[in-house]
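# Close look at the chain arrangement
If you want the building blocks of each chain, they are given just below.
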Amino acid sequence: MRGPLVVRRAFSEPLLLLAAFGSILLATTTLVALTMYVSSIGDAGVRRAMETASYRETTTTISSLVTAETLPRYDRAVRDVLTGVHGTPPALTVSLRSDSYVMPGQDGEKAPELLRFGSHDGLDRHARLVSGRWPRTGGPVVEAAIPLPAASAPGFGAGREFVTEGRLDHRPVTVRVVGVFQLHDPADERWAGEELLRRGVEHGDYTTYGPLMVARETFTARFATNVRAVWTAEPDLGTLTLDRLRPLAEALGQVRERLTAAGCVNCLTAGRLPGILTQLATASLVTRSTMLVPVLQLLVLAAYTTMLTGRLLADHRRMETALLRSRGAGTARLAALAGGEALLVAVPCAIAAPWLGPPLLALVHRLPWIEASGVRLTPAADPGAFLVAFCVALAAAVLLALPALAGARRTYVEEQTARGRGVRGLIERAGADLALLAVAGLAIWQLQHYGAPVTGTAAGGLGVDPLIVSGPALALLAGGMLGLRLVPRVSRLAGRLMSRRPTLAPALGAWQVGRRPLRYAGPALLLTMAIAIGILSMATTSTWQTSQLDQAVHRAGAGLRLSGPAAGPELGPLGRGTAFTTLPGVTAASPAFRGQAEVGGESALLLGLDAARLGELFGLRPDLSARTVAQLSRALPGDRAGKLDLPGRPRALTVRVEAGAAVPARLVLSDALGAWHDLPLGGLRPGGNRVELDLTPLAGRSGAITYPLSMRGLVTDGRTALRLTGLSADGRDVPVPSGAVAFGPSREPGPLPVVLTPGLAASLGLGVGQTGPATFAGRVLRVEVAGVVESMPTSAPGQQAVLADWETLQARELAAAQPPRPVTEWWLAASDTAPARAILRENPQWDVTVVDRGELAAKLRDDPLASGLRGALALGFGAALGFALLGFLVNAVVAARERRAEFAVLRALGAGSRQIFGMLVTEQAFVVGLSLVSGTALAVVVGNLVVPHIVLTGQASAVTPGVLFQVPWAATAAMLALVAGVLLLIVAGLARHLRRGQTLEER
């Protein structure tokens, strides 16, 4: 072959050249794809966060008192400043509200009803006309449109004209109502704080109607009398990138100063966007730093694979190198040959990798668990990708040439002596593996201390800590090197065991391993690290997926958790439960109370739930409590209140009560679902009282009561005794126990069983099963600790909480002559929540806030910043197995080729092909078995130390409940079996090749 010497020399070893090319191409392509992925997933996370952020989170509001003269100037200043901050003009809405005006015909009254005028840019885009048209400007009569809820007030119908005057300036204004409108979604966050616009009327010291919406020009001319104007900016954040997060947050934080400089001295700014952008920037930094962990692991593995290939190449050419030195080739000449050969292999890889990276990412994103997230990345071969590819390829070329350079100064005898000692032996004797283990331990300790691979910088910000990020990779390398200390010991033990067997092949194989254990150290270390990285990738993915589900279960508490006001016009206090429990798919339900309470001097979340339903509703991870949910369910019920069931389906009650003095009283009822509600009996006079109660409002306009109803008792302030003398339901008398007032415990109630978080249990000084006094919601009572949970479901991270049985808690209130606690939530169990969610969305008038465990889990799963690690792990897993198979194949083939003479001697001594194959299997089984065991153990140890600290939320905060490291043992066993099978096929193919070579020689 003609051509330059370096080319002819390279192609003289096609197998090793192909192996070097494959390892460098795999390294450059994978690392380029990973860097593309890390960069792209950050931008995708920012876009997803902005797409899913609420209106209140992404808008900035500016408010100021304005007059007709200052409004145009302030408006211009606001627009100029916000355009300068965002780069492009944001969508800006100006909302104005007037002073109070007196309702027509109520002039001179002491407490007249009032009305207000208003203006809102673009109102026609967020509301529809029920009748009439939108107001116009000009003319002596002010044209106005009014919300539908306010149109029922006298004189407010479309086409009506009236005169009103201001309460402050007493200026008359002639108004014509030209239209009636209805907001598309009154519950939209856009209208938060706009109660008058949403409801049409406000009741307070004065009843106010409106607002009568007029054109902005009309408002400025007629009503801008030192009134408040609010500018709301909706920026286009769809193109926001990572590099703009912090600058935009800083610029938004300076809006007020810029407005002051522009002349708007009284302008006040508000908005969550700066904080959200800063948090998002931090989360993106933490996410990218976390994804550097598998990148560095692959760097270490790729570096070692390349060095192993280079060492094999240098070993194979030791005679050639000695011959070149004997003919006058100096160290520089040999270095130039080695470097040129390495560049010959590396440069094509550097050119091809940026073009292969995007298709590789597309292949990864077709994995089902990644495709389900909906994130679509479109990376391209940009200059950054070529820079990464050339840097990696250059580093790989250096590593490939190093073994040849190291041997360029040695003679043949010195080279043989060095090979006999082995680099591994030198490293072990120098204690480099122990030093590396110490550095890795320090890095992992810092990771556990800081909770993420970032630390504070000298400038006061956050930055990636190289030591922490490299900790897992160093730990894998150090662990693998320490594991190689076992190779000589295990090989000697295997040799003694095999020597006792009558067959020749296993004994020869074990003897070969024991004679030259360091020959097998290189591939064993490579396989150990590759297996560890593969298992660690699988375990991290499994841990992440389990943690997302755990977070969803913890935040939701139950399959569906519905919160809202205890009563409303559509669904009354005893109608809400009926509507919710009859939703399709609901299998269990419990009314619940959620609120803050002081327990033992600490503020805590108080939860009241039906203890009998905990097993179906209470999402408590088993490791968070020493007692199971079933045990807590049995331990929580305490003294319950009695009840008097009302026959039939009454819609009215007649209550006859005797009172010793004038006192207000309330009647406590409950329905069949366990919801409690109290009805006012009004002020009772001394002696007999007869009170008629209408029960229909308890259901609401579209609700229904779940019967039977039960009377729980009467509640008063305790100043006088009450006696229930009679009770009628729809005119039918109900037998009443003699002297009944409240059907609570007839004796002093026993301790209140509660489940506490550890902080509360410690502050009370109580353990499980112990009883003691506690300040509970303002009263001192005895509590019994039924259980302690590390983190209460639905509580915020670090929040103290207490759980009590719903009925027992209500009985306590009744015994203390207190009104029952309202039903603030309903916890529902449902296997499929989609039908129920659809009905809830179709009924916004029910005024319900829904927490759906399934939707929450999907949201957590699909958050790019939280789930980005999965794609990097998938790439790392595939690359690790690729490096392992490639390195094992090359090492096995080269070792077999070098031992042809040895095999020929064995055949001459009578050894058959099966015996030689058995010897090869024994040798390689030693490497494979030791690597599989060591790699699995290493992955479990490093995973337990590292993985719980790199699985974070999308906001880069610690996960609640804490992360549990989980190894998918079934998938791991399948992967190990597959790897072992492939490696065995390689050995079988090698043996067949050797046998074919023997046959050709015999012919």
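If you're wondering where the values come from, they're calculated on a predicted model, not measured in any experiment. Per chain, residues are indexed from 1 in the order of the written sequence. Under the rules for a predicted model, residues below a pLDDT of 70 receive no local features and side-chain atom pairs below 80 are neither given nor counted, while totals for whole chains, interfaces and linings still include all residues. Calculated side-chain values reflect all of the structure's heavy atoms, with hydrogen atoms and water omitted.

### Points about the overall build of the protein chain
What counts, and what does not: In this description a helix means any DSSP run of H or I spanning at least four residues, a strand means any run of E spanning at least two, and both kinds are numbered starting from the N terminus. Three exposure classes are used, based on accessible area relative to the maximum for each residue type with a 1.4 Å probe and protein chains only: buried under 20%, partly exposed in between, and exposed over 50%. Contacts: residue pairs with any heavy atoms within 4.5 Å of one another. Accessible areas in this description were obtained via Shrake-Rupley with a 1.4 Å probe; residue shielding takes into account the shown protein chains only.
Helix and strand content of the protein chain: 32 helices and 31 strands. When the 1003 residues of the protein chain are sorted by exposure, 51% land in the buried category. Put simply, 79% of the contacts in the protein chain that link residues at least 6 apart link residues at least 24 apart. Approximately 43,400 Å² of the protein chain is accessible, and the part contributed by carbon and sulfur atoms is 57%.

### Topic: the packing of aromatic side chains
Note the threshold: Think of it this way: a Phe, Tyr or Trp ring, Trp meaning its six-membered ring, pairs with another when their centres are within 6.5 Å, and the plane angle makes it stacked under 30 degrees, edge-to-face over 60, tilted otherwise. By definition, being over a ring means that NZ of Lys or CZ of Arg is both within 6 Å of the ring centre and within 35 degrees of the ring normal.
The final tally for this structure, using the stated rule, is eight aromatic pairs. Centre to centre, the rings of F117 and F223 are 4.3 Å apart; their planes meet at 15 degrees, and the pair counts as stacked. With a gap of 106 residues between them, F117 in strand β4 (residues 114-120) and F223 in the loop between α7 (216-222) and β11 (225-234) connect regions that are remote in the sequence. The residues F117 and F223 share a single accessibility class, namely buried. Look at F618 and W827: their rings are 6.4 Å apart centre to centre, the planes differ by 20 degrees, and that puts the pair in the stacked class. Here the residue F618 occupies a position in the loop between α23 (614-617) and α24 (629-635), and W827 occupies one in strand β30 (residues 825-830), the gap between them amounting to 209 residues. Exposure remark for F618: the relative accessible area of 5% places this residue in the buried category. Taken together, the ring pairs connect Y101, F117, F219 and F223 into an aromatic cluster. Directly above the aromatic system of Y206 lies the positively charged group of R167, at a separation of 4.9 Å from the ring centroid. Lying across the ring of F593, R821 places its NZ or CZ 4.9 Å from the centre.

### A few points about the pairing of strand β17 (residues 602-609)
Stated formally: When DSSP finds at least two bridges between two strands, those strands are taken to pair.
Counting buried residues along β17, six of its eight residues qualify, which places the element largely inside the surrounding structure. Where strand β16 (residues 586-599) and β17 come together, seven bridges link them in antiparallel fashion. By the bridge assignment, V599 is partnered in β17 with E602. Hairpin connection of β16 to β17: two residues between the antiparallel strands, including G600 at a positive phi of 60 degrees.

### A look at helix α18 (residues 466-483)
Using the following cut-off: By definition here, a helix of n residues has an expected span of 1.5 Å times n minus one. Bend is the name given here to the angle between axes fitted to two runs of seven residues, the run ending at a residue and the run starting at it.
With 18 residues, α18 extends 25 Å from end C-alpha to end C-alpha; this agrees with the ideal 26 Å at 1.5 Å per step. Approximately 40 degrees is the largest bend angle found in α18, and it occurs at P472. Of all 18 residues making up α18, 15 are buried, and the element is well covered by its neighbours.

### Some remarks on unusual backbone geometry
Each neighbour pair has its own omega, and for G210 with P211 the value is -10 degrees, a cis peptide bond. Along the chain, P211 falls in strand β10 (residues 207-213). Following Y707, the chain continues to P708 via a peptide bond in cis, the omega torsion being 5 degrees. For P708, the position within the fold is in the loop between β22 (687-694) and β23 (710-716). Even without a glycine there, the phi angle at N226 is positive, about 60 degrees. Unusually for a residue other than glycine, T794 sits at a positive phi of about 75 degrees. You can see T794 is positioned in the loop between β28 (779-788) and β29 (801-805). Given the relative accessible area of 12%, T794 is considered buried.

### Section: the sheet that holds strand β24 (residues 722-729)
Strand order in this open sheet of four strands is β22-β19-β24-β25, and the pairing throughout is antiparallel. The open sheet has two edge strands with one neighbour each: β22 and β25 (732-733). The pairing of strand β19 (residues 652-659) with β24 spans seven bridges and is classified as antiparallel. From the neighbouring strand, V657 faces β24, where its bridge partner is L724.

### Things to note about the environment of F618
A sequence separation of 15 residues divides F618 from S633, and the C-alpha atoms of the two residues are 9.7 Å apart. When neighbours within four sequence positions are excluded, F618 is seen to be in contact with G557, L609, R613, V629, M792, P793, L803 and W827.

### Notes on the sheet that holds β23
Quick reminder of the rule: Between N-to-C directions, angles cover 0 to 180 degrees, with each direction set by a line fitted to C-alpha atoms, over the stretch in contact for helices.
With antiparallel pairing, the four strands of this open sheet are ordered in space as β18-β23-β20-β21. Of all the strands in the sheet, just β18 (644-645) and β21 (676-684) have a single pairing partner and so form its edges. Where β18 meets β23, two bridges bridge the pair, whose relative direction is antiparallel. Note on β23: the bridge partner recorded for L644 is M711. Along the sheet, helix α26 (residues 806-815) contacts β20 (663-670), β21 and β23; its crossing angle with β21, the most-contacted strand, is approximately 15 degrees.

### Overview of a nonpolar patch on the surface
Applied cut-off: Residues enter patches when they are more than 30% accessible in relative terms and free of salt bridges; like-charged ones are connected within 9 Å and nonpolar ones (Val, Leu, Ile, Met, Phe, Trp, Tyr) within 5 Å. For this analysis, a salt bridge means a side-chain nitrogen from Lys or Arg found within 4 Å of a carboxyl oxygen belonging to Asp or Glu.
Taken together, the side chains of M307, L343, V347, I351, W355, F390, L394, V398, L402 and L405 present a nonpolar region at the surface, about 880 Å² in accessible area. When contributions to the nonpolar patch are tallied by element, the ones reaching two or more residues are α12 (331-364) and α14 (383-406). Counting residues per element, the nonpolar patch draws most heavily on α14, at five residues. Considering the arrangement of structural elements, one finds V398 in helix α14. Its relative accessible area of 45% is what places V398 among the partly exposed residues.

### Some remarks on the side chain of S931
With respect to the secondary-structure elements, S931 resides in helix α31 (residues 913-950). Every residue in contact with S931, bar those within four places of it in the chain, is listed here: P523, A524, L527, T528 and I531.

### Observations regarding the packing of helix α21 (residues 521-556) against helix α28 (residues 853-862)
Defined as follows: We call two directions roughly parallel when the angle between them is under 35 degrees, roughly antiparallel when it is over 145, roughly perpendicular when it lies between 65 and 115, and oblique otherwise. A clockwise turn of the near helix away from the far one marks a right-handed crossing, whereas an anticlockwise turn of less than a right angle marks a left-handed crossing. Amino acid classes used here: Ala, Val, Leu, Ile, Met, Phe, Trp, Tyr, Cys and Pro are nonpolar; Asp, Glu, Lys and Arg are charged; the rest, including Gly, are polar.
Relative orientation of the contacting elements α21 and α28 amounts to 140 degrees, with a least axis distance of 9 Å. Between α21 and α28, the interaxial angle falls into the category oblique. Like other packed secondary-structure pairs, α21 and α28 cross with a definite hand, here right-handed. On the side of α21, the interface is formed by W544, Q548, Q551, A552, V553, R555 and A556, while α28 contributes R853, L856, A857, L860 and R861. Across the contact of α21 with α28, the residue classes tally to seven nonpolar, two polar and three charged.

### Concerning the pattern of salt bridges
When the charged atoms of two side chains lie near each other, side chains of opposite charge can form a pair. All chains considered together, the criterion is met by 25 salt bridges. Residues R216 and D121 are paired through a salt bridge, measuring 3.5 Å at the closest nitrogen-oxygen approach. Taken together, the residues R216 in helix α7 and D121 in the loop between β4 and α5 (123-126) connect sequence positions 95 residues apart. The class of R216 is partly exposed, set by a relative accessible area of 22%. According to the relative accessible area criterion, D121 is buried, its value standing at 17%. Between D805 and R640 there is a salt bridge, with the nearest N and O atoms lying 3.0 Å from each other. Here the residue D805 occupies a position in strand β29, and R640 occupies one in the loop between α24 and β18, the gap between them amounting to 165 residues. Since its relative accessible area comes to 0%, D805 is described here as buried. Overall, R640 belongs to the partly exposed group, its relative accessible area being 37%. One continuous salt-bridge network, built from bridges that share partners, spans D75, R79, D121 and R216.

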